[in-house]
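Below, each chain spelled out in residue letters.
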Amino acid sequence: MRNRRLINKVAWALFTICFVIVLNFFLFRILPGDPARAGIRDPRLTAEAQQAIRVRFGLDKPVINCFASINPPKPADCFVNPLDTQFFIYVGNLFRGEFGISYHSNQPVAQVLAERTWNTLLLIGVAQFLAIILGVALGVIAAWKLGTPVDYSALIFSLVAWSLPTFWLGIILLFWGSTNLGLPIGGMVTPGMNYASIWAQVIDVGRHMFLPTLTYTIVFLGEYMLIMRSSLIDVLSEDYVLTAKAKGLNSYQILKAHALRNAMLPMVTIIALNLGFTVAGAVQIETVFSWPGLGGAIYEAVGQRDYPMLQGAFLLLAVSVIVANLVADLLYTYLDPRVQLE
Amino acid sequence: MASPLVAVRNLRTLFPVGAHSVFRAPATFVHAVDDVTFDIDEGEALALVGESGCGKSTLALTLLGLERPTTGSIDFAGQEMTALKGSELKAARRNMQMIFQDPYESLNPLMRVGEIVAEPLIVHKLANARSDREARVRAALEAAGLKPPEVYLERYPYQLSGGQRQRVAIAAALVLEPRLLLADEPVSMLDVSIRAEIINLLAELKQTRKISILFITHDLGTVTAVADRIAVMYLGRIVELGRTADVLTQPRHPYTKALLSVTPAPNPRLRKERIILKGETPDPTRLPGGCRFAPRCPVAQPLCLASDPPLTALETGHTAACHFG
Amino acid sequence: MRTKDVTAHVDEKMPPTAAKPVLSVCSLSVDYVAPPKPAAHAVQDVSFDLGRGEVLGLVGESGCGKSTLALALMRLLPPAGRIVNGSVRLQDIELLDLDEARMASLRWSQIAMVFQGAMNALNPVRAVGDQIAEAIRQHDRTIGKAATVRRVDELLELVGIAANRRTQYPFQYSGGMRQRAMIAMALACNPAVIVADEPTTALDVMIQAQILDLLSRLRRELGLAIILVTHDLGIVAEICDRVLVMYGGVTAEYAPVDLAFNAPRHPYTQALLHAFPDPDHPQAKLNSIPGAPPRLDALPPGCRFAPRCPQAMERCQQAAPALYALPDDQFASCFLVEDTAEDRRGSLDHG
Amino acid sequence: MESSHPGGLTATMRNFSRNRMGMVGLAMLLLAIALAVFAPVIAPYDPAKPPRATIMDIYLPPSAEHPFGTDDAGQDVLTNFLYGARVSLMVGFFASFIAVAIGGVMGLSAGFIGGRTDNILMRFTDIMLVIPDLPLAVVIVALTKPSLWVIVLVIGLLGWTSTARLIRSQTLSVKQRRFVTRARAVGAGNFYIIRRHILPLVLPLLVVNTVLVISLAILNESTLSFLGLGDPTAPSWGQMLNFAFTRGAMSAGGWWALLAPGIGIVWVVLACTLIGQGLEQVLNPRLASHNLSSTKQMILRPPRTQSQHAPQAPDQA
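These numbers were taken from a predicted model, which means no experiment stands behind them.

**A closer look at the overall build of chain A**
- When its secondary structure is counted, chain A shows 15 helices and zero strands.
- Across chain A, every contact between residues at least 6 apart in sequence was considered, and the portion connecting residues at least 24 apart equals 73%.
- Here chain A displays about 15500 Å² of accessible surface, and carbon together with sulfur accounts for 69% of that area.

Below you can see the structure in the form of structure tokens.
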């Protein structure tokens, strides 16, 4: 039963990824900013070089065969040499790790994204870790002290934090941090710096990371606190908690042995579902703090109309959210015996 | 003797088990109702007794046409119900109304009593004139013992007690002047003091209006005051059927005997030897061969495991499905 | 004025084991407070004794305060609940005087509880055996792992559950088995008293019979004292020794089970019994009790049953009757028994 | 017993009016709407008039002449703030209307029809749920010509998933309730049951959800505008922030150009959040306590000494 569930989940994730690839491809072809038509605009490229890129990415081919003769469309054409079309060349390139060439930097998109992925992971990883730990802790305290001033303050704080636009909080913290704390106003490292030691480098990155991480943590902390609080209140109102109390367990024991695990179950799902918003947060924060990550890449690509870059970054983000969701789903299976053994 | 109001013959309702998938046909079926035959006369109350999962509620839903029977026939007032569809079924259903177990759940919390009772009229497009409709709603409320009706018309279910709510449900059933009432555990959620009121009301409706009643319950103790006959159900089958007094005083099927013995009598002096069956009702997807009751039967013989006893007549109007009954 | 020196009733006719009660509750009163609403007097001046191996039935309609009383004995009332008067003595220990830590150590080891609806009373994500073991280890820190497992198996066996089901989860159990598991859990520390709150509600009659059978066997074999909270007089007739009928938070009648059923003195008890079909005349019309029980936050000034009582007198509207002691260890709170009352020693003066 | 009245839009609203948190939110939202509606009356300047943009006029600190200061183009921040409110609120309301309409219909049909329809609709919803909204919105808006309606459409078309799931589960639970079976037993058809029994019980939840979708739509709009994808002809609060941030407000110390629109967004979003929280408390009233709430005051009986209640002495009567 468990294995079948696992296979189902993985198959579903793969299907979703395929859907995203198709969406990603056609979105860029259907909407006005078609990269094939926009062409390779860099004037520095020779005509031959442009043609070479066209051939490499199949831009000289029809999108798919049946659309070549759009008026009237001939469905039969779809099956004439179907692989020799932009779409399948695109898919084939994806499998080879080729995401296209950035219009702006002329570097392969895959290479640029690979560098930036780690920067985003570092930022999101640390901040999510902090937000989850602090949010859960705050939620537990608020739920436990339900109806007390502690609870109310935590609730108000979380509601306000949830309502803050991420980028605006970033700007405010940036304003405050750079003027009052002397923290850098952007980037990941101080430009042109020669580090005396690895420690000096870590400290420099840490100084750059402090404000974006803080912003990110505050925004997500509020949400996690709200969810944990309401989830734990539900659990603590259950009869089995009363049973535990009747068995002579004290509050700490009950929280540890009965309440927390049960309350964490919905948290896992919600954290997973929130990963999409997490990515949205990354775009905003990396923009404000000029953090060289995937989110920043999207922002820059938008400004430069760098479509291959935009396409690649979006695909990468979408796939990572899907995969992370899958992981959370499987984790849930592991945590909840009801799902595991059903 | 006139023909019965309801004649159910070899009724069978099966449910497929497992996820309904595009690729797989269901491998197993729940035999919710399996080869059930009985009659209900005009103005008669038949009690259908059995534990949860024995198929008694499915039987009621099948009678109503809310579940499709797999095979068998239901003759209701001379009409074959299983053949009806659409508007014909709707029209036939008008004469057959149901009362549910939980009056807290079976009334829409957002509708006023007047609207709830008028709903069947609206659905069936009857009594379209407003004054006519109101008169019928009032009459139904009064018939259900909610007097004077004006007091109740504008109230919401949450403003009523459990007994009053069940009376509203009964009024909503009576407003169409049905010939058959299906009462699915109508008192099991009510306190003892209120239980008696509702049972009395049903008995009164049977007597004064000649309404037939199918009284579905798991508690033999609640049926005596209203039922003329009792049918005992086990795992989708009727295992014993007879006049109330006969079944209660001379039960012939071991399951009926066991059920009777564990039904608490309201007096410590009547404490008796209880026949406590081991285990619980088995999984209805994997029915035992032979007699269905054999695995739990205290008096089972080798024969019982081998062959399934048919329902056989013992004396006038008393039948039981047991090799040794 | 509410008098404090109350109830001294011991029955010489009781079996010798019951001579000294295991649990003795004395004029216990519980309010629910939720300002600005008026306090609801959920339980008022309830007294009873429970001997070893005895089963006391606590009956009444929904909202009569019986579950509140059960929770008050364990000191597990919801936060709005206040024990405003009375005493609960468990084997010479006054439970209401203990601090919370000491009370926690007595819970389950001395007085355990079987809750209504075992589905919700068991943690869905922990194995059943685990939850029983937790109770054992909580009250015996020295017990080893293997010994705990052995004890859990023993307990499961005692209630008729195969030991190999120890590692299963509640959702893998049937309704009846969950209730048995709850009983096994309640027995984990050999308590003197078990409070069973509607242990068979929502179960089929046959499963109910199995559970009741199990409870009477345990009381016989282990000398367990049981308080059985129920709304079903039939269950009381089946297995209880004494019965305490509650109405609107007060004791209507408190008597040995035979007297309560065959010579009830309180009109409420009488009415309840008449609402059952008479086994001799099964098809006779049932007698119902018109009206509804009082709301505990808006009690009538006089006797709480007076508004529904067929025999209510003028006097009943003004003053609440005391709990009168009658011969043969029967008590009833009704003015009608005043004349036959032996004395008012066991009575509670509400006036 | 009055408080136990379940569900229902009118009852929900009546109880809501007693919820402090919700009423504060409602007041905040109404104030914001009033400011937006009466912007032409309140605003000190006409935003349509080209500013006299000399170097002396940009990033002027707040003064009597410009209560909120001026921005990078020398325009009055207060005026832009008031007109920006119109854009932000309008996008929020229209986009959430689209989202809630789609989500409501999807959820209701998936939940009520069930079976294969449910399966297909929910699978589609699941896909939409895992695709990150904002980057997709960024991509779509970046590929098209930025306009207010494109933004409304994109936010609306991407924002319905949570509504669909919520309404589906509520529909499912209402559908299984006994009174629906009763209506069927009486002979009522699907359309009647949806209209008379399902919708009234789903509606309050839909209202809660709408409020939260509005707040999300406003946040999303501001983010898109901040990323430079707003409609240049209708500057919203997000766009004011974009201009200020990209055109030197930080280095010029012009914090006022950043503060007003930001607070505007927080104000409206917080208002919606508070309303949502209040409505939820009304619909899903939790007890003010749970099983671990402090019970120190449980025993309030008069203290008694050991002698006063001697163990049950034998009855000497």
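**Details of the overall build of chain B**
- Helix and strand counts for chain B stand at 10 helices and 12 strands.
- Taken over the C-alpha trace, chain B has a radius of gyration of 21 Å; the compact-globule value for 325 residues is 20 Å, and the two agree within 12%.
- Projected onto the principal axes, the alpha-carbon positions of chain B cover approximately 65 × 60 × 45 Å.
- Counting all 325 residues of chain B, 56% fall into the buried class.

**With respect to the sheet that holds strand E9 (residues 242–247) of chain C**
Residues and elements named next belong to chain C.
- Taken in spatial order, the eight strands make up an open sheet running E6-E7-E8-E3-E9-E10-E12-E11, and their pairing is mixed. Looking at which strands have only one partner, the edges of the open sheet turn out to be strand E6 (111–114) and strand E11 (324–326). For this sheet, the mean inter-axis angle between neighbouring strands, taken without regard to orientation, is 20 degrees.
- Two strands pair when backbone bridges link them, and E6 and strand E7 (residues 193–197) are joined in this way by four bridges, in the parallel orientation. Looking at the pairing, Val114 lines up with Ala196 of E7.
- Helix H1 (residues 66–73) rests against strand E3 (55–59), E6, E7, strand E8 (225–230) and E9 of the sheet, and its axis sits at about 150 degrees to E8.

**Describing the environment of Ala99 of chain D**
Residue and element names in this part refer to chain D.
- Counting through the fold element by element, Ala99 comes out in helix H4 (residues 77–113).
- By relative accessible area, Ala99 is classed as buried at 1%.
- What Ala99 contacts, discounting residues up to four positions off in sequence, is Gly156, Gly159, Trp160 and Val213.

**Observations regarding helix H6 (residues 133–143) of chain D**
- Counting buried residues along H6 of chain D, 10 of its 11 residues qualify, which places the element largely inside the surrounding structure.
- Those residues of H6 of chain D lying buried are Leu134, Pro135, Leu136, Ala137, Val138, Val139, Ile140, Val141, Ala142 and Leu143 of chain D.

**Some thoughts on the side chain of Thr244 of chain B**
All names here are of chain B.
- Inspection of the secondary structure puts Thr244 in helix H8 (residues 244–249).
- Using a relative accessible area of 2% as the deciding quantity, one classes Thr244 as buried.
- In terms of polar contacts, Thr244 uses its side chain to reach the backbone carbonyl oxygen of Asp228, at 2.9 Å.

**With respect to a nonpolar patch on the surface**
- A cluster of nonpolar side chains, Leu122, Val126, Phe129, Leu130, Ile133 and Leu134 of chain A, forms an exposed patch at the surface whose accessible area comes to about 500 Å².
- As for its position among the elements, Val126 of chain A is in helix H6 (residues 109–144).

**Quick notes on the interface of chain D and chain A**
- With 51 residues of chain D at the interface, the matching set in chain A holds 60 residues.
- Contact between chain D and chain A buries roughly 5000 Å² in total, counting both sides, with carbon and sulfur atoms accounting for 79%.
- The three residues of chain D that bury the most area against chain A are Leu143, Asn291 and Leu292 of chain D, which together make up 16% of that side's buried surface.
- Summed over the shared surface of chain D and chain A, the number is zero salt bridges.
- Applying the counting rule to chain D against chain A returns six residue pairs in polar contact (both at pLDDT 80 or more).
- Looking at the side of chain D that touches chain A, the elements with two or more residues in it are helix H5 (115–130), H6, helix H10 (190–229), helix H11 (237–246) and helix H12 (255–283) of chain D.
- The biggest single contributor to the side of chain D that touches chain A is H12 of chain D, with 12 residues.

**Quick look at the nonpolar core**
- Ranked by size, the top nonpolar core spans 193 residues in total, and within it Leu23, Phe48, Leu73, Trp108 and Ile132 of chain C carry the most contacts.
- Dropping the residues within four chain positions of it, Trp108 of chain C is found in contact with Thr243, Ala246 and Lys247 of chain A together with Met113, Ala135, His139, Met185, Ala186, Ala188, Cys189 and Pro191 of chain C.
- Formed by 188 residues, the second largest nonpolar core is a distinct cluster that contains Leu236 of chain A together with Val100, Met128 and Leu158 of chain D.

**Focus: the packing of helix H8 (residues 166–181) of chain A against helix H12 (residues 275–288) of chain A**
All names here are of chain A.
- Put simply, H8 and H12 touch, their axes get as near as 8 Å, and they point 30 degrees apart. For the element pair H8 / H12, the angle class is roughly parallel. Crossing of H8 against H12: the hand is right-handed. Across the interface between the two elements, Thr166, Phe167, Gly170, Ile171 and Leu174 from H8 touch Gly281, Gln284, Ile285 and Val288 from H12.

**Regarding the pattern of salt bridges**
- Within this structure, the stated rule accounts for 41 salt bridges over all chains.
- Two residues, Glu185 of chain B and Lys56 of chain B, come together in a salt bridge whose shortest N-O distance is 3.7 Å. Separated by 129 residues along the polypeptide, Glu185 of chain B in the loop between strand E7 (180–184) and helix H7 (192–209) and Lys56 of chain B in helix H1 (residues 56–64) bring together distant segments of the chain.
- When its relative accessible area of 6% is taken as the criterion, Lys56 of chain B is described as buried.
- One network of salt bridges, in which partners are shared, links Lys247 of chain A together with Arg126, Asp130 and Glu134 of chain C.

**Details of the packing of aromatic side chains**
- Going through the model one piece at a time under the given rule, you end up with 20 aromatic pairs over all chains.
- Measuring from ring centre to ring centre gives 6.3 Å for Phe220 of chain A and Tyr224 of chain A, while their planes differ by 35 degrees; the resulting arrangement is tilted. In this pair, Phe220 of chain A and Tyr224 of chain A both sit in helix H9 (residues 198–236), four residues apart, roughly one turn of the helix.
- Looking at Phe220 of chain A, the relative accessible area reads 4%, which means it is buried.
- When the centroid spacing of 5.5 Å and the interplanar angle of 45 degrees are considered together, the rings of Phe226 of chain D and Phe245 of chain D count as tilted.

**Some thoughts on the pairing of strand E10 (residues 237–243) of chain B**
Residues and elements named next belong to chain B.
- Here E10 lies mainly inside the structure; six of its seven residues are buried.
- Hairpin connection, strand E9 (residues 229–234) to E10: the antiparallel pair is bridged by two residues, and Leu235 has positive phi, about 50 degrees.
- Note that E10 and strand E12 (residues 318–320) share two bridges and pair antiparallel. The residue bridging Glu240 from the neighbouring strand is Ala320, located in E12.

**Here's the deal with the pairing of strand E6 (residues 96–99) of chain B**
All names here are of chain B.
- Neither face of E6 is open: one carries Met96 and Met98, the other Gln97 and Ile99, and all of them are buried.
- Pairing between E6 and E7: four bridges, direction parallel. Note on E7: the bridge partner recorded for Met96 is Leu180.

**Let's talk about unusual backbone geometry**
- A cis geometry characterises the amide bond from Lys147 of chain B onward to Pro148 of chain B, with omega recorded as -10 degrees.
- Mapped onto the elements, Pro148 of chain B comes out in the loop between helix H4 (130–143) and helix H5 (150–153).

**A few points about the domain arrangement of chain A**
All names here are of chain A.
- The assigned domain composition of chain A is domain 1 (2–95) and domain 2 (116–335).
- Contact residues are listed per partner, giving 19 residues for domain 1 and 15 residues for domain 2.
- Counting the contacts that link domain 1 with domain 2 gives one salt bridge.
- A salt bridge links Lys9 to Asp329; the nearest nitrogen and oxygen atoms lie 3.1 Å apart.
- Across the contact surface, domain 1 and domain 2 share two residue pairs in polar contact (both at pLDDT 80 or more).
- Listed by contribution, the elements that provide at least two residues to the side of domain 1 that touches domain 2 are helix H1 (2–30) and helix H5 (86–95).
- Looking at the side of domain 1 that touches domain 2 element by element, the count peaks at 14 residues for H1.
- Residue composition of the side of domain 1 that touches domain 2, grouped by class: 11 nonpolar, three polar and five charged.

**Structural notes on the packing of H4 of chain D against helix H7 (residues 148–158) of chain D**
All names here are of chain D.
- Between H4 and H7, whose axes approach to 7 Å, the crossing angle comes to 40 degrees. Comparing their axes, H7 and H4 come out oblique. Two packed elements cross with a definite hand, and for H4 against H7 that hand is right-handed. Between H4 and H7, the residues in contact are Val87, Met90, Val91, Phe94, Ala95, Ile98, Ala99 and Ile102 and Leu148, Trp149, Ile151, Val152, Leu153, Ile155, Gly156 and Leu157, respectively.
- Residues belonging to the contact of H4 with H7 are distributed by class as follows: 15 nonpolar, one polar and no charged.

**Examining the confidence of the model for chain B**
All names here are of chain B.
- For chain B, the mean per-residue pLDDT works out to 87, and 96% of the residues sit at or above 70.
- Confidence drops under pLDDT 50 across residues 20–24; counting only partners more than four residues distant or on other chains, this segment forms three contacts.
- Interface confidence for the predicted complex, expressed as ipTM, amounts to 0.84; the pTM equals 0.85.

How each quantity is defined
Residues numbered from 1 in each chain as written. Chains lettered and ligands numbered in written order. Predicted model: local features only at pLDDT ≥ 70, side-chain atom pairs only at ≥ 80, totals over all residues. Heavy atoms only, no water. Helix = DSSP H or I, 4+ residues; strand = E, 2+ residues; numbered from the N terminus. Contact = heavy atoms within 4.5 Å. Areas by Shrake-Rupley, 256 points an atom, 1.4 Å probe, with all protein chains shown as cover. Rg over C-alpha atoms; globule rule 2.2 N^0.38 Å. Buried < 20%, exposed > 50% of the residue type's maximum accessible area, 1.4 Å probe, protein only. Pairing = 2+ DSSP bridges. Axes fitted to C-alpha atoms, helices over the stretch in contact; angles between N-to-C directions. Polar contact = N/O pair within 3.5 Å; in protein donor to acceptor, adjacent residues only side chain to side chain. Patch = residues over 30% accessible without salt bridge, like charges linked within 9 Å, V, L, I, M, F, W, Y side chains within 5 Å. Salt bridge = Lys/Arg side-chain N within 4 Å of Asp/Glu carboxyl O. Buried area = accessible area lost by both parts, 1.4 Å probe. Core = buried A, V, L, I, M, F, W, Y, C linked by side-chain atoms within 4.5 Å. Parallel < 35°, antiparallel > 145°, perpendicular 65-115°, else oblique. Left-handed = near helix turned anticlockwise from the far one by under 90°. Phe/Tyr/Trp six-rings, centres within 6.5 Å; stacked < 30°, edge-to-face > 60°. Domains from an automatic or database assignment. Nonpolar A, V, L, I, M, F, W, Y, C, P; charged D, E, K, R; others polar. pLDDT = per-residue confidence, 0-100.

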